[in-house]
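Chains, contacts and geometry: an overview
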Amino acid sequence: MARSTPIPEGFLEVGHVRRAHGLRGDVFVQLVTDRIERLAVGSTLSSGQGEVTVESSRLLPNGRWVVKFDHIADRTAAEAWSNVALYAAPIDDIDTLWFHELIGSRVVEADGTERGTCTKVLSNPAADILELDSGHLVPTTFVVAQTNGVVTVEVPDGLFELLDD
């Protein structure tokens, strides 16, 4: 499907419309974030097909979201939204580490020792993990600060020496 509406710069992918549900324009939405307020009534999301505002949403017992958006009036309109990605502006929460802010950041120890640049963040059930260009892996539980493109970590002795041997 060709993108007809540009996504605003800096917006993050927050979910996908999966398929139509019922006859009144409801759709199944799969979130790719744990921030369920993205589907709160009144929330506006962007897509390649334009902006939509949440009129209602409910979480089903099976973990799926059923959402009614404005501008999607019936099943035919809902079917045209199948597999469309949804985007929103970043949430300003100073107590949260955001992947998009960690990637590309320099990683330093509290004593100032440079350890590399974060190239990706790996999802892990125990704690997400920073992957550095040096090959080192650092659990986010060791991040003590993040400011202006610098991530400061306090790690247990020997963590960075594991690859050096």
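**Brief notes about the overall build of the protein**
Across its full length, the protein holds two helices and 12 strands. Order of helices (α) and strands (β) in the protein, N terminus to C terminus: β-β-β-β-β-α-β-α-β-β-β-β-β-β. Relative to a compact globule of 165 residues, whose C-alpha radius of gyration would be 15 Å, the protein shows 20 Å and is clearly more extended. Oriented by its inertia axes, the alpha-carbon framework of the protein measures out at about 60 × 35 × 25 Å. Within the span of the protein, comprising 165 residues, buried residues form 38% of the whole. Taking as baseline every contact in the protein between residues at least 6 positions apart, the subset at least 24 positions apart corresponds to 50%.

**Overview of the sheet that holds strand S6 (residues 85–88)**
The antiparallel open sheet is built from six strands, whose spatial order is S3-S4-S5-S2-S1-S6. The strands lining the two open edges of the sheet, one partner per strand, are strand S3 (44–45) and S6. Relative to S6, strand S1 (residues 12–21) runs antiparallel, the two sharing four bridges. Bridge pairing in S6 places Gly15 opposite Leu86.

**Some words on the packing of aromatic side chains**
Where two aromatic rings form a pair, the distance of their centres and the angle of their planes describe that pair. Enumeration over the complete set of coordinates arrives at zero aromatic pairs. The ring of Phe28 carries the charged tip of Arg64 above its face, separated from the ring centre by 4.5 Å.

**A word on the pairing of strand S8 (residues 114–122)**
Where strand S7 (residues 106–109) meets S8, three bridges bridge the pair, whose relative direction is antiparallel. Following the sheet pairing, Val108 is matched in S8 by Glu114. Where S8 and strand S9 (residues 129–132) come together, four bridges link them in antiparallel fashion. When the sheet's bridge partners are listed, Leu122 is paired in S9 with Ile129. Hairpin connection from S8 to S9: six residues lie between these consecutive antiparallel strands.

**Side note on the pattern of salt bridges**
Applying the stated criterion across every chain, the model contains four salt bridges. Between Glu109 and Arg115 there is a salt bridge, and its shortest N-O distance comes to 2.7 Å.

**Regarding the confidence of the model for the protein**
Considering every residue of the protein, the mean pLDDT works out to 86; 90% of them sit at 70 or more. The lowest-confidence element of the protein is helix H2 (residues 99–102), averaging 71 in pLDDT; the highest-confidence one is strand S5 (residues 65–69), averaging 97.

Cut-offs and rules
Residues numbered from 1 in each chain as written. Predicted model: local features only at pLDDT ≥ 70, side-chain atom pairs only at ≥ 80, totals over all residues. Heavy atoms only, no water. Helix = DSSP H or I, 4+ residues; strand = E, 2+ residues; numbered from the N terminus. Rg over C-alpha atoms; globule rule 2.2 N^0.38 Å. Buried < 20%, exposed > 50% of the residue type's maximum accessible area, 1.4 Å probe, protein only. Contact = heavy atoms within 4.5 Å. Pairing = 2+ DSSP bridges. Phe/Tyr/Trp six-rings, centres within 6.5 Å; stacked < 30°, edge-to-face > 60°. Lys NZ or Arg CZ within 6 Å of the ring centre and 35° of its normal. Salt bridge = Lys/Arg side-chain N within 4 Å of Asp/Glu carboxyl O. pLDDT = per-residue confidence, 0-100.

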